[in-house]
Amino acid sequence: MFLMIGVNDGQTALYYERLVYFSHLGKAVNVTVYVTYVQLLLFFIPTFKWNKHYYVQLPNGEVFELDPEVGRQVERGRDVEIKESDLYSNGHTDYYSDKSSNSNTGVYQCPHCGYPIVNDFDFCPKCGRRLR
Ligand SMILES: [Zn+2]
């Protein structure tokens with residue numbers, strides 16, 4: 001018997017029916033909210049998810065990262081209002097070059113291939129290279 005472990009990148013659209021106001025558009029629009037994650041597979045059975053990020057996509061194709069607190073509430077089906085101040089333009093959350101900060105989520109990226117890694121991994125699950 002041997003242990004089979006794999007990882008999957010996943011993306012799930014969340015139900016959100018409210019309009020979100022954007023000042024740069026000057027109006028409230030329908031948005032698509034979705035969550036991305038890395039999922040651990042044990043014997044091909046999905047187990048836990050980590051490295052969750054929430055995103056909001058506008059009808060014009062623009063994508064903003066959503067505050068994770070707000071995102072979690074949307075995911076749970078809470079009737080929460082997404083405000084413009086809950087959104088960050090994509091790309092500024094550089095979590096692995098900021099390891100010294102105390103807001104460390106326990107996840108960073110493989111220095112070789114960029115794959116999201118949980119803190120206690122010694123080897124990258126994607127490219128197999130040593131991480132420390
Ligand atoms: Zn790697």
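Residues numbered from 1 in each chain as written. Predicted model: local features only at pLDDT ≥ 70, side-chain atom pairs only at ≥ 80, totals over all residues.

Relative to strand S3 (residues 27–30), strand S2 (residues 19–22) runs antiparallel, the two sharing four bridges. When the sheet's bridge partners are listed, Leu 19 is paired in S3 with Asn 30. Between S2 and S3, which pair antiparallel and follow one another directly, the connecting turn spans four residues, one of which, Gly 26, has a positive phi of 75 degrees. (Pairing = 2+ DSSP bridges. Helix = DSSP H or I, 4+ residues; strand = E, 2+ residues; numbered from the N terminus.)

This part is about unusual backbone geometry. Within the chain, Asn 51 stands out as a residue other than glycine whose phi angle is a positive 55 degrees. Relative to the assigned elements, Asn 51 resides in strand S5 (residues 45–57). Using a count of 19 C-beta atoms within 10 Å as the deciding quantity, one classes Asn 51 as partly exposed. (Buried ≥ 20, exposed ≤ 12 C-beta atoms within 10 Å, placed from the backbone.)

Our focus in this paragraph is the environment of Cys 124. One can find Cys 124 in the segment after strand S9 (116–118). Using a count of 19 C-beta atoms within 10 Å as the deciding quantity, one classes Cys 124 as partly exposed. Along the backbone, Cys 124 and His 112 are 12 residues apart, and their C-alpha atoms lie at a distance of 8.7 Å. In this structure, Cys 124 is in contact with Cys 110, His 112, Cys 113, Tyr 115, Ile 117, Arg 129 and Leu 131, ignoring residues within four places of it in sequence. (Contact = placed C-beta atoms within 7 Å.)

Residues of helix H1 (residues 68–75) that are buried: Val 70, Gly 71 and Val 74. Seen end-on, H1 carries its buried residues on one side only, within an arc spanning 100 degrees. Buried residues in H1 make contact with strand S1 (5–14), strand S4 (32–42), S5 and strand S6 (63–66). After H1 finishes, the residue Gly 77 shows a positive phi value of roughly 85 degrees. (Arc of directions from axis to C-beta.)

Further remarks concern the pairing of S5. As judged from the nine bridges shared by S4 and S5, these two strands associate in the antiparallel manner. Bridging across to S5, Val 38 finds its partner in Trp 50. Hairpin geometry of S4 and S5 is characterised by an intervening segment of two residues between the two adjacent antiparallel strands and by a positive phi of about 55 degrees at Phe 43. One ladder, built from four bridges, connects S5 with S6; its direction is antiparallel.

Another point: the nonpolar core. Core analysis: the largest hydrophobic core is formed by 15 residues, its most contacted members being Val 33, Tyr 55, Val 56 and Leu 66. At the level of elements, S4, S5, S6 and H1 are the ones that each hand at least two residues to this core. (Core = buried A, V, L, I, M, F, W, Y, C linked by C-beta atoms within 7 Å.)

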